[in-house]
Amino acid sequence: MSAADGVVILLVEDNPGDQRLVREMLDEAAPDRFRLIVAACLTDTAAILDRERVDIVLLDLRLPDGNGLDSLVKMHALLPEVLIVVLSHVEDEALAVKAVRMGAQDFLVKAQINGPLLTRSLRYALERRRIEEELYRLAHHDALTGLPNRKLFYERLGGAMAMARRQRRMLALMIVDLNNFKEINDTHGHPVGDAVLVQVAERLSRSLRETDCVARLGGDEFVVFASGLADAEDAENIARKIVDLLAAPVDEGGASAGLAASIGIALYPDDGDDLETLVGNADAAMYRAKGQGRAASRYAFYSRRDDARVGERAALEDALRAAFEREEFEINYQPQVDLHSRRIIGVEALLRWRRGDELWTPDRFMHALESSGLILPVGEWVLAAACRQTVIWRGMGLQLARIAVNISPRQFRDERLVERVARALRESGLDAASLELELTEESLRDDEEMAIEKLRELNALGVRLAIDNYRARATSLRDLKRFPIHAVKLDRSIVRDMLTNPEDAEIVRAVISVAHVFKMKGVAEGVETSDQIDMLREHACDDAQGYAFGRPLSPEALADILRDDSSAVH
Ligand code: C2E
Ligand code: CA
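The notes below deal with the structure included here.

## Some points on the environment of V82
By secondary structure assignment, the location of V82 is in the loop between α3 (69-78) and β6 (83-88). C-alpha of V82 to C-alpha of R129: the two residues are 47 residues apart in sequence and 9.9 Å apart in space. Not counting residues within four places of it along the chain, the set of residues in contact with V82 comprises V54, D55, I56, V57, H76 and R129.

This is the structure we're talking about:
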């Protein structure tokens, strides 16, 4: 099969003459090799990308909704992995170099192309991608078992830990060490030993879901992570499954070898919240498992305080329940600023727990609110209180365009969410357009049909919707396009790193520029320095929030700021 077989090409070009020309060239040079789809502008591509797999984009640089390299940036944001060959009206060496640096595969000048030239460019692009993928596979996989190697595993583990943090889920890291591999090798020889390792790799892979990962660390040591877990019991179930799968002997070359492994388990975040600690603790647990006997497979958790941990969680939940009854929750409000006028246009409501002398932030208790379901009544209280507070501020003559309230995944799934929001509006008398709900990417990904239906209902109420903590990595922006939302809040981590990491700067630029194509606002979170503000302005970011503009404050302190803001000239 040639590299070009069944290749789908998306031509983004508004000039009908040029569209025809490209079609003719492809038909002539390589009939039936390529399937051509045509879009007249970038906005149209989103709908096409929803239903079609596209291998290469042929991108005109002069479009109704994209000009020059801007089109390239937007196209990348829509579909980060796709190959792009640029079509230019002008021969411009500097522009060509820039385009290629920004990830274009080739830069073709319209007046100079013909069928053979065009198809060669497309073939080369595909071939380069194939070689890249092959090199990547070789550099990141273990030759014997085909599993990811240490490097790739750690990369994925880092990503999975970040995801677990955001989703407030648990992740289990397990080190699996074969107890009797050396004996098998010595008794039956290397070929049998190798076959055993391949078998173990297969069985471990079978015990995991697609989102999880298994790797060979070298010798007879394997490592596994499983993510999206609710508690230690989920991890234990996976460990048991591994033990069961390893129990069957490996039959190879007339020899039969029984396997026994020692498995050490460390849980994220409880047993360590960085990669090294977690791996070290899983290793310690593995040695303890081994110390308990080597004849059969065994597993051990890093610390045997599982009961204590369950107890701690239950105690926190009880304390939260009591806190809610005793009205120990408060809300702080953090300004959101229009980057052009520098005026405060909104505030985000952030939950606080007044615990004795301390003021607890949600990172210490949100997971318990979520897992216990207490977030439903507490979240409803936040909604009501925040709406009421906005009406009070306005009654004091203070200008505030909107109030933003966080909606957790659990709240979003709640069947009565729409009803609760409507009630908060009705009882406070706040107009719907002044309320913005901040939703997480996870909420929308869980069950897309349900999510879209719910977003429509919320839209019908007239409230604004924003996607919170957005990092362009997990989903491409074209996925967001499917959801009827008004704003994209760029995650704090991207804003933090954009000054030092060009890739993050590029993400900021791309997200904002694509958001604008889809008539959404770009909002930056966690803005702390004036350098960040300058760069955000440069990238046409609309609004921003962060310590640079104000910390979360009590309603009274925020009223003072609003008062200053309406009289101040910035
Ligand atoms: P989030 O939605 O990403 O909220 C922004 C968080 O960033 C807040 O933390 C805020 O204090 C912090 N922050 C703001 N500006 C800066 C800055 O310049 N630098 C840094 N380093 N941090 C900044 P907070 O208040 O601890 O809230 C944490 C998370 O808890 C929120 O993250 C949100 O997901 C959740 N949350 C807070 N209140 C509520 C609530 O009422 N309901 C629900 N469902 N979730 C809430
Ligand atoms: Ca938020």
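## Regarding the nonpolar core
Among the nonpolar cores identified, the biggest contains 112 residues, and L435 and L437 are the most heavily contacted of them. In terms of residues, this core owes the most to one element, helix α20 (residues 502-517), which gives 9 residues. Contacts of L437, omitting those with residues within four sequence positions, involve L383, V405, I407, V421, L458, V463, R464, L465 and A466. One finds M174, L246, A257 and L259 within the second-largest nonpolar core, a separate group that totals 36 residues.

## Quick notes on the coordination of the calcium ion (ligand 2)
Donor atoms from the polypeptide that bind the calcium ion (ligand 2) are E348 (OE), N406 (OD1), E438 (OE), D468 (OD) and D468 (OD), placed at 2.1 to 3.1 Å. Because the angles between the 6 donor atoms bound to the calcium ion (ligand 2) fall within 45 to 177 degrees, the donor set is best described as irregular. Read in sequence order, the donor residues coordinating the calcium ion (ligand 2) give the pattern E-x57-N-x31-E-x29-D. Taken as a pair, E438 in strand β19 (residues 435-440) and D468 in strand β20 (residues 464-470) lie far apart in primary sequence, 30 residues in all. Side by side, E438 and D468 carry an identical accessibility label, which is buried.

## Let's talk about the pattern of salt bridges
Inspection of the entire model under this criterion finds 32 salt bridges. Taking the shortest distance from any N to any O, the salt bridge between E155 and K151 comes out at 4.0 Å. Taken as a pair, E155 and K151 lie in helix α6 (residues 150-167) at a separation of 4 residues, close to a single helical turn. Each of E380, D414, R420, R423 and E427 takes part in a single network of salt bridges with overlapping partners.

## Observations concerning the sheet that holds strand β9 (residues 213-218)
Across the sheet, 5 strands lie side by side as β9-β10-β8-β13-β14; this open sheet has mixed pairing. The open sheet has two free edges, formed respectively by β9 and β14 (298-301), since each of these has just one partner strand. Between one strand axis and the next, the sheet turns by 20 degrees as a mean value, whatever way the strands run. Bridge count for strand β13 (residues 261-268) against β14 is 4 bridges, and the pairing is parallel. In the strand pairing of β14, I263 is matched with Y299. Contacting β8 (170-178), β10 (221-229), β13 and β14, helix α10 (residues 275-291) runs over the sheet at an angle of about 145 degrees to β13.

## A word on α10
In this model, α10 (17 residues) spans 25 Å end to end at C-alpha, consistent with the 24 Å of a helix rising 1.5 Å per residue. Taken as a whole, α10 has its buried residues at L275, L278, V279, N281, A282, A285, M286, A289 and K290. Contacts made by the buried residues of α10 are with α6, β8, β10, β13 and β14. Its side-chain oxygen placed 3.3 Å from the backbone nitrogen of E276, D274 serves as the N-cap of α10. A positive backbone phi angle near 130 degrees is found at G293, which sits one or two residues after α10.

## So, unusual backbone geometry
Y268 connects to P269 through a cis peptide bond whose omega is 5 degrees. Tracing the backbone shows P269 in the loop between β13 and α10. With a phi angle near 55 degrees, R168 is a residue other than glycine that sits in the positive phi range. Position of R168 among the secondary structure elements: in the loop between α6 and β8. Owing to a relative accessible area of 45%, R168 belongs among the partly exposed residues under this scheme. One non-glycine residue with positive phi stands out, namely E327, at about 60 degrees. Mapped onto the elements of the fold, E327 is located in the loop between α11 (306-325) and β15 (329-338).

## Section: the packing of aromatic side chains
Aromatic ring pairs are reported here in terms of the distance separating the ring centres and the angle at which the planes meet. If you walk through the whole model with that rule in mind, you get 8 aromatic pairs. Arranged with centres 6.2 Å apart and planes meeting at 45 degrees, the rings of F329 and W353 form a pair that is tilted. With a gap of 24 residues between them, F329 in strand β15 and W353 in strand β16 (residues 344-355) connect regions that are remote in the sequence. When sorted by exposure, F329 lands in the same class as W353, which is buried. Following the ring pairs from residue to residue traces out a cluster consisting of F324, F329, W353, W360 and F365. Across the ring face of W360, the terminal group of R355 is positioned such that the distance to the ring centre comes to 4.7 Å. Across the ring face of Y547, the terminal group of R551 is positioned such that the distance to the ring centre comes to 3.8 Å.

Scoring rules and cut-offs
- The residue count restarts for each chain, going from 1 along the sequence in the order it is written.
- The naming scheme follows written order: chains are lettered A onward, ligands numbered 1 onward.
- Thresholds applied to this predicted model are a pLDDT of at least 70 for local features of residues and 80 or more for the giving and counting of side-chain atom pairs; totals over whole chains, interfaces and linings are not thresholded and use all residues.
- With hydrogens and water stripped out, all remaining heavy atoms of the structure feed into the side-chain values.
- Secondary structure elements are taken from DSSP: a helix is a run of H or I of four residues or more, a strand is a run of E of two residues or more, and numbering for both begins at the N terminus.
- The contact definition used throughout considers only heavy atoms, calling two residues in contact when any of these lie within 4.5 Å.
- The term nonpolar core refers to a set of buried residues drawn from Ala, Val, Leu, Ile, Met, Phe, Trp, Tyr and Cys, joined through side-chain atoms within 4.5 Å.
- Throughout this description, buried means an accessible area under 20% of the type-specific maximum (1.4 Å probe, protein chains only), exposed means over 50%, and partly exposed covers the range between.
- Metal coordination here is assigned from N, O and S atoms located within 2.8 Å of the ion, or within 3.2 Å for Na, K and Ca; omission of water means that sites may look incomplete.
- Square planar and octahedral assignments, for four and six donors respectively, both demand that opposite donors be over 155 degrees apart and that all other angles lie between 65 and 115; tetrahedral needs four donors with all angles between 85 and 135 degrees, and anything else is irregular.
- Whenever Lys or Arg places a side-chain nitrogen within 4 Å of a carboxyl oxygen from Asp or Glu, that contact is recorded as a salt bridge.
- By this definition, two strands are paired if DSSP reports at least two bridges between them.
- All axes are obtained by fitting lines to C-alpha atoms, using only the stretch in contact for helices, and the reported angles, taken between N-to-C directions, cover 0 to 180 degrees.
- Given the number of residues in a helix, its expected span is that number minus one, multiplied by 1.5 Å.
- Pairing of N or O atoms within 3.5 Å defines a polar contact, subject to two protein rules: one partner must be a possible hydrogen donor and the other a possible acceptor, and residues neighboring in sequence count only if both atoms are side-chain atoms.
- By convention, a stacked pair of Phe, Tyr or Trp rings (six-membered ring in the case of Trp) has centres within 6.5 Å and planes under 30 degrees apart, an edge-to-face pair has planes over 60 apart, and any other such pair is tilted.
- Our definition puts a charge over a ring when NZ of Lys or CZ of Arg is within 6 Å of the ring centre and also within 35 degrees of the ring normal.

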